[in-house]
Amino acid sequence: MNIVRVALDLPLPKLFDYLAPDSDESDIGRRVTVPFGTASRIGVIISLTQASEQPDAKLKTVIAILRDMPALPADWRELCEFCARYYQTPLGEVTSFALPPMLRRGKLPRMPKVAAVAPAPPSRDTVPGAGARDITSAVALPPLLAAQAAAVEAIVGARGFTCFLLHGVTGSGKTEVYLRAIDAVLRRGGQALMLVPEIALTPQLEGRVAARFPTAHVVCANSGMADAARARGFLDALGGRADIVLGTRLSIFMPMPRLRLIVVDEEHDASFKQQEGLRYSARDVAIWRAHQLDIPMVLGSATPSLETFHHAGTGRYVMLELPERAVAESMPLVRIVDTRREKLQEGLSAALLGGLQKRLERGEQSLVFLNRRGYAPVMACPPCGWVSRCQRCAANLVLHLADQRLRCHHCGFEARVPRACPDCGNVDLMAFGRGTQRLEAMLAERFPEARVLRIDRDSASTPKKWQALLATIHAGGADILVGTQMLAKGHDFPMLTLVGAVGADAALFAADFRAPERLFAQMMQVGGRSGRAALPGEVLIQTEYPDHPLYQALIDHDYDRFARNQLEERRIAGFPPFSFQAMLRAEARAMEQALAFLAAARDAAAGFANGITLYDPVPMRMQRLMTLERGQLLVESTSRPALQAFLAAWMEKLYALKMPAGLRWHLDVDPLEF
Ligand code: ADP
Ligand code: ZN
Ligand code: ZN
């Protein structure tokens, strides 16, 4: 009797058996419609069997095996199985997530008619089953710098799995190295996959890739795409028609039968880790996938994650350094502005104001970087003590004067700005602290002749608005930019010669041990925006801790020194990469319920937690979100296999625990946020 085992998108760690009389081996990896309860569901066939653990009488029959697209290949299923195992997530949830929504629903996009492809010319060094393509570059390429050439040679010459760390500052020519390596892969008839952190960065990169490989089929993949386009891209990749896939983290799940190279640009970026549902790290999964396929991969960054840097240091990864900028003569001059003895004007130092003035006179652009949007982080009534709190979260409502709103940046709650204090009627409410809107207003007043442009998630709320803002900057339509980290990533502003960083100190002493690493990366990134053309750039960092080693390393552009210091601190404290972590989080109506569940979970680990440290359940730093109280329990081990084995056994116990109504929990493996 033919039985198919199906992965269904349900929060249960098991497969579901169905009778499928007409099924055979070729159906493994196909989508299938099955009856479930009173309805039907769509899943993926994972295997065939002749005998189910369920009694035959209970087995239902599949409704239909969907044979209208190629079956998902074995390596793709193995990738999903790895993620299910590693991230302790039911396989059906993984396969469902890995499919574009349209295919997940059992539908297919309308495909354009594919012109018959001419048979491939025979070639020596090609991938079997695929033709080497004539991928001639449209443009005359500049000669590579020696370091670039060495990097390309190493990557192209790699046989089998090797993980390279391409370490070089913004503008050192990393992208050029990726493109040359991709070129070599395409010439051999392979496919290349390139991951970037942000949707906003894809159009720009897509343009560069398309210009370089005019005859190649480039597919983009990100969650902002229309359903049909995303599904088409997936099918093009699966069918081997796509030469290059370019996308955000989810593109790591693109099936690519001839995949020969994976590139993860800005590998340190936190957005490669998904913070909900399947909490995977696309960078880590990429490394697993490259290993699985025995192909080379490249992690690129100016400020690698400390995990990656550590592996490059121990020789697990191969370090490729690009020590110089490819075009501009020099790195920006970084200066620290000691604000301890100065009376700041609306948060800005005389040095920064003077720098802005000078740029205005010279007709150059400046950027004031402040990673906090809105006008002010909180509104308050000093006489009675009222503050604008979110009713649903343990957070303040942020004042947005631009549209007269109070907004929670965590849950999206919003209200009109009250005319008077809701508690005592006082009409003199005060705005405390400073966000980008306030800086914008202050700068406009201070420099009336300047065109001030604010760039944050409010002013660039859609990709279209964002593109328009970028166009304005490039056309020289702004003198002073005020922006959040949105501006920090991946854009060249040739006329920008001054960057001022305000409010950076907060990250120095944050509770999260990764905060300094993020601050350093962010500062390097914003600094990298300046002085990329003929004009030298300057970066001014306002701080009350001018001697802090982090800032000192920034002055010297010395990532290595910073990283070694941090790694030493982490080693002493036993933090990653010297230990491996998982976080169990629970949310409930009441904090006691959440903590009680976590305590029970901890008790349930008794007896098999060898080599594992389970910490005390504690409330999360953001204690309440959307009216739910949240707690967490950290699990740690110096051995990844030990942690993995423990988590697998623990999950079974957790599924069996009794839970109060309304309680929800999840496990986050390799958590990035605390
Ligand atoms: P990164 O990705 O490290 O920021 P890019 O590859 O984008 O660096 O290179 C930065 C700039 O330098 C780009 O304008 C690129 O075209 C140019 N460039 C890169 N390599 C070279 C080279 N070998 N010769 C001349 N220009 C180069
Ligand atoms: Zn809220
Ligand atoms: Zn009041």
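For the structure, see preceding data.
Residues numbered from 1 in each chain as written. Chains lettered and ligands numbered in written order. Predicted model: local features only at pLDDT ≥ 70, side-chain atom pairs only at ≥ 80, totals over all residues. Heavy atoms only, no water.

Asker: Is there a simple way to think about the nonpolar core in this case?
Answerer: The tendency in soluble globular proteins is for nonpolar side chains to be buried as a group. Ile252, Ile262, Tyr280, Met297, Leu584, Phe646 and Trp650 are the most contacted members of the largest nonpolar core, which totals 78 residues. Examining the composition of this core, we find that seven residues originate from one element, helix H1 (residues 74–86), more than from any other. Residues in contact with Met297, not counting those within four places in the same chain, are Thr162, Cys163, Phe164, Leu261, Ile262, Val264, Ala286, Ile287 and Ala290. Listed in part, the 39 residues of the second largest apolar core include Ala200, Phe309, Ile473 and Ala478. (Core = buried A, V, L, I, M, F, W, Y, C linked by side-chain atoms within 4.5 Å. Buried < 20%, exposed > 50% of the residue type's maximum accessible area, 1.4 Å probe, protein only. Helix = DSSP H or I, 4+ residues; strand = E, 2+ residues; numbered from the N terminus. Contact = heavy atoms within 4.5 Å.)

Asker: Whenever I open this one, the sheet that holds strand E21 (residues 452–455) confuses me. Can you help?
Answerer: Two pairing modes exist for strands in a sheet, parallel and antiparallel, and in both the strands are linked by backbone hydrogen bonds. If you walk across this open sheet you meet the six strands as E13-E24-E23-E14-E22-E21, and the pairing is parallel. Edge strands, defined here as strands with exactly one partner in the open sheet, are strand E13 (333–338) and E21. Sheet twist, expressed as the average angle between the axes of neighbouring strands with direction ignored, equals 20 degrees. Across six bridges, E13 lies against strand E24 (residues 538–543) in parallel orientation. Along E24, the bridge assignment pairs Arg335 with Leu540. (Pairing = 2+ DSSP bridges. Axes fitted to C-alpha atoms, helices over the stretch in contact; angles between N-to-C directions.)

Asker: Even after reading the chapter, I still don't get the coordination of the zinc ion (ligand 3), so can you show me in this structure?
Answerer: Angles at a metal have ideal values that depend on geometry: 109.5 degrees with four tetrahedral donors, 90 or 180 degrees with six octahedral donors. Coordination of the zinc ion (ligand 3) by the protein involves Cys381 (SG), Cys384 (SG), Cys421 (SG) and Cys424 (SG), with metal-donor separations of 2.2 to 2.4 Å. Coordination at the zinc ion (ligand 3) is tetrahedral, judged from the four donor atoms that bind it and the angles of 104 to 116 degrees they form at the metal. Donor residues binding the zinc ion (ligand 3) come from one chain and are separated in sequence as C-x2-C-x36-C-x2-C. Separated by 40 residues along the polypeptide, Cys384 in the loop between strand E15 (378–381) and strand E16 (386–387) and Cys424 in the loop between strand E19 (414–416) and strand E20 (430–432) bring together distant segments of the chain. Since its relative accessible area comes to 36%, Cys384 is described here as partly exposed. Under the relative-accessibility criterion, Cys424 is labelled partly exposed at 43%. (Donors = N, O, S within 2.8 Å, 3.2 Å for Na, K, Ca; no water. Tetrahedral: all angles 85-135°; square planar, octahedral: opposite > 155°, others 65-115°.)

Asker: Could you clarify how one ought to interpret helix H15 (residues 559–573) in this entry?
Answerer: Given 3.6 residues per helical turn, the α-helix brings residues three or four places apart onto the same face. Spanning 15 residues, H15 covers 21 Å between terminal C-alpha atoms, matching the ideal 21 Å at 1.5 Å per step. Regarding H15, the residues found buried are Tyr559, Phe562, Ala563, Gln566, Leu567 and Arg570. The buried residues of H15 all sit within an arc of 130 degrees when viewed along its axis, so they share a single face. For H15, the exposed residues set more than 90 degrees away from the buried face come down to Arg564, Glu569 and Ile572. Looking at the buried residues of H15, the elements they touch are strand E6 (162–168), helix H9 (306–314), helix H13 (515–528) and helix H14 (549–555). The first or second residue beyond H15 is Gly574, which carries a positive phi of 75 degrees. (Expected span 1.5 Å × (residues − 1). Arc of directions from axis to C-beta.)

Asker: Even after reading the chapter, I still don't get the site of ligand 1, so can you show me in this structure?
Answerer: In the region of ligand 1, 17 residues are neighbours, and Gln148, Gly171, Lys174, Thr175 and Arg208 sit closest. Interatomic distance of 2.8 Å between a side-chain N/O atom of Gln148 and a nitrogen atom of ligand 1. When ligand 1 sits alone it has 550 Å² of accessible area, and the protein chains cover 77% of it. Counting residues per element, the shell around ligand 1 draws most heavily on helix H5 (residues 174–187), at three residues. In terms of residue class, the shell around ligand 1 is built from seven nonpolar, six polar and four charged. (Near = heavy atom within 4 Å. Polar contact = N/O pair within 3.5 Å; in protein donor to acceptor, adjacent residues only side chain to side chain. Areas by Shrake-Rupley, 256 points an atom, 1.4 Å probe, with all protein chains shown as cover. Nonpolar A, V, L, I, M, F, W, Y, C, P; charged D, E, K, R; others polar.)

Asker: So what exactly am I meant to see when it comes to the packing of aromatic side chains here?
Answerer: How two aromatic rings sit relative to each other is given by the distance of their centres and the angle of their planes. Per the counting criterion, the structure on display carries 17 aromatic pairs. Measuring from centroid to centroid gives 4.2 Å for Phe520 and Phe562, while their planes differ by 5 degrees, and the two rings are stacked. With Phe520 in helix H13 and Phe562 in helix H15, the pair connects residues that are 42 residues apart, well separated along the chain. In this pair, the class of Phe520 matches that of Phe562, namely buried. One residue, Arg41, lies across the ring of Phe36, its end atom 5.3 Å from the ring centre. Lying over the aromatic face of Phe447, Arg446 brings its terminal NZ or CZ to 5.9 Å of the ring centre. (Phe/Tyr/Trp six-rings, centres within 6.5 Å; stacked < 30°, edge-to-face > 60°. Lys NZ or Arg CZ within 6 Å of the ring centre and 35° of its normal.)

Asker: Any chance you could explain empty space enclosed by the protein here in plain terms?
Answerer: The gaps left among the atoms become clear once a water-sized probe is rolled over them. Under the defined criterion, the tally for this structure stands at five cavities of 30 Å³ or more. Put simply, the largest cavity is a space of about 130 Å³. Those elements that place two or more of their residues in the lining of the largest cavity are H13 and E24. The leading source of residues in the lining of the largest cavity is H13, at four residues. (1 Å grid on protein atoms, 1.4 Å probe; cavity = no way out; pocket = protein on both sides within 12 Å on 5 of 7 lines; lining within 4 Å. Points joined across faces, edges and corners; volume = space filled by probe spheres on them.)

Asker: How should I be thinking about the coordination of the zinc ion (ligand 2) in this particular structure?
Answerer: Distances from the zinc ion (ligand 2) to its protein donors, Cys390 (SG), Cys393 (SG), Cys408 (SG) and Cys411 (SG), fall within 2.2 to 2.4 Å. Counting along the primary sequence, the residues that act as donors to the zinc ion (ligand 2) give the motif C-x2-C-x14-C-x2-C. Of the two residues, Cys390 is situated in the loop between E16 and strand E17 (398–400) and Cys411 in the loop between strand E18 (405–407) and E19; the sequence distance between them amounts to 21 residues. Classification of Cys390 by relative accessible area gives buried; the value is 3%.

Asker: Where do I start with the side chain of Arg514 in this structure?
Answerer: Inspection of the secondary structure assignment puts Arg514 in the loop between strand E23 (496–501) and H13. Looking at Arg514, its side chain comes within polar contact range of the main-chain oxygen of Pro671, at 3.2 Å. Residues in contact with Arg514, not counting those within four places in the same chain, are Glu307, Arg570, Pro576, Pro671, Leu672 and Phe674.

Asker: Before we go on, may I ask you to explain the sheet that holds strand E8 (residues 218–221) in this structure?
Answerer: Spatially, E8-E9-E7-E10-E11-E6-E12 is the arrangement adopted by the seven strands of the open sheet, whose pairing is parallel. Both outer strands of the open sheet, E8 and strand E12 (318–322), are each paired with one neighbouring strand and no more. Strand after strand, the sheet turns through a mean of 20 degrees between neighbouring axes, direction not considered. Where E8 and strand E9 (residues 244–247) come together, four bridges link them in parallel fashion. Its bridge partner lying in E9, Val219 is registered against Val245. Against the sheet, helix H6 (residues 202–212) makes contact with strand E7 (191–195), E8 and E9, and its axis sits at roughly 160 degrees relative to E9, the strand it touches most.

Asker: Would you take a moment to explain the pattern of salt bridges for this structure?
Answerer: One side chain can pair with another of opposite charge once the charged atoms of both are near each other. Tallied over the entire structure, the rule returns 40 salt bridges. Among the salt bridges present, the one from Arg67 reaches Asp27, with a minimum N-O distance of 2.8 Å. Residue Arg67 is located in the loop between strand E5 (64–66) and H1, and its partner Asp27 is located in the loop between strand E2 (16–19) and strand E3 (31–36); the two are separated by 40 residues in the primary sequence. By relative accessible area, Arg67 is classed as partly exposed at 40%. The salt bridge partner of Asp68 is Arg31, with a shortest N-O separation of 3.1 Å. Residue Asp68 is found in the loop between E5 and H1, and its partner Arg31 is found in strand E3; the two are separated by 37 residues along the sequence. With a relative accessible area of 44%, Asp68 lands in the partly exposed category. What makes Arg31 buried here is its relative accessible area of 1%. Through salt bridges with shared partners, a single ionic network connects Arg335, Arg359, Arg362, Glu364 and Glu538. (Salt bridge = Lys/Arg side-chain N within 4 Å of Asp/Glu carboxyl O.)

Asker: Where do I start with the packing of helix H4 (residues 146–157) against H5 in this structure?
Answerer: The angle between the axes and the distance between the axes are what describe a pair of packed helices. Across the interface, H4 lies against H5 with an axial gap of 9 Å and an inter-helix angle of 35 degrees. The handedness of the crossing between H4 and H5 comes out as right-handed. Contact residues: H4 offers Gln148, Ala151, Val152, Ile155 and Val156, while H5 offers Glu176, Val177, Arg180, Ala181 and Ala184. Looking at side-chain class alone, the contact of H4 with H5 contains seven nonpolar, one polar and two charged residues. (Left-handed = near helix turned anticlockwise from the far one by under 90°.)

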